[in-house]
Amino acid sequence: MDKTDISVKRQFLVLVHLDLKGAPPKVSYLAEIFPLFAQLGASGILIEYEDMFPYGGKLEVLKSKYAYSPSEIKSILHLAKSNGLEVIPLVQTFGHMEM
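Keep in mind it's a predicted model, so treat the numbers as computed, not measured.

Looking at this model, I keep getting lost on the pairing of strand 3 (residues 86–90). Mind explaining?
Note: strand 2 (residues 44–48) against strand 3, 5 bridges, orientation parallel. The residue of strand 3 that forms the bridge with Ile45 is Val87. Note that the unit made of strand 2, helix 3 (residues 70–82) and strand 3 has a crossover that is right-handed.

For this particular structure, what's the right way to read the pattern of salt bridges?
Any two side chains of opposite charge can pair, so long as their charged atoms come close to each other. Per the counting criterion, the structure on display carries 2 salt bridges. Here Asp51 makes a salt bridge to Lys21, at a shortest N to O gap of 3.9 Å. Residue Asp51 is located in the loop between strand 2 and helix 3, and its partner Lys21 is located in the loop between strand 1 (15–19) and helix 2 (27–39); the two are separated by 30 residues in the primary sequence. For Lys21, a relative accessible area of 41% translates into the label partly exposed. In this structure, the salt-bridge partner of Lys63 is Glu60, at a minimum N-O distance of 3.7 Å. Exposure remark for Lys63: the relative accessible area of 31% places this residue in the partly exposed category. Here Glu60 falls in the partly exposed class, since its relative accessible area comes to 40%.

It is not clear to me how the packing of helix 2 against helix 3 should be interpreted in this structure. Could you clarify?
Two packed helices can be described by the angle between their axes and the distance between those axes. As a packed pair, helix 2 and helix 3 sit with axes 10 Å apart at the nearest point and diverge in direction by 5°. As summarised for this structure, helix 2 and helix 3 are arranged roughly parallel, according to the angle between their axes. For the pair helix 2 and helix 3, the contacting residues are Val27, Leu30, Ala31 and Phe34 in the first and Glu72, Ser75, Ile76, Leu79 and Ala80 in the second. For the contact of helix 2 with helix 3, the residue count by class is 7 nonpolar, 1 polar and 1 charged.

For this particular structure, what's the right way to read helix 3?
An α-helix turns once every 3.6 residues. As a result, residues three or four positions apart point the same way. For helix 3, with 13 residues, the first-to-last C-alpha span of 18 Å sits near the 18 Å given by 1.5 Å per residue. Among all positions of helix 3, only Ile73, Ile76, Leu79 and Ala80 are buried. Down the axis of helix 3, the buried side of the element spans an arc of 125°, and every buried residue falls inside it. Summarising the geometry of helix 3, the exposed residues directed more than 90 degrees from the buried face are Pro70, Lys74, His78, Lys81 and Ser82. Two residues or fewer past helix 3, Gly84 is found with a positive phi of approximately 70°.

So, how was this worked out
- Residues numbered from 1 in each chain as written.
- Predicted model: local features only at pLDDT ≥ 70, side-chain atom pairs only at ≥ 80, totals over all residues.
- Heavy atoms only, no water.
- Pairing = 2+ DSSP bridges.
- Helix = DSSP H or I, 4+ residues; strand = E, 2+ residues; numbered from the N terminus.
- Right-handed = clockwise from strand over helix to strand, strands pointing away.
- Salt bridge = Lys/Arg side-chain N within 4 Å of Asp/Glu carboxyl O.
- Buried < 20%, exposed > 50% of the residue type's maximum accessible area, 1.4 Å probe, protein only.
- Axes fitted to C-alpha atoms, helices over the stretch in contact; angles between N-to-C directions.
- Parallel < 35°, antiparallel > 145°, perpendicular 65-115°, else oblique.
- Contact = heavy atoms within 4.5 Å.
- Nonpolar A, V, L, I, M, F, W, Y, C, P; charged D, E, K, R; others polar.
- Expected span 1.5 Å × (residues − 1).
- Arc of directions from axis to C-beta.

Without other data, these values stay purely geometric and don't point to any function.
Here it is as structure tokens:
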């Protein structure tokens, strides 16, 4: 990476968008690709959890039966941090509701 690349990275986040709906990756796979993202210059991950987030309480009806567990979410966040990747959750709003 030359000086120009480094200065651009400092000014802007270089994000990888992970859309977890459909076929979410296993945590073990994320452990393999997060270092690659960092090596390729990514500075963060935009995680679109959709129904894979382990919602609880009244929101529990929103989660998939295959949703990540709270401990898996902690592992994902730890893996990102240990690879120097900032995590930005993408939360769908009512404008994206499917009826």
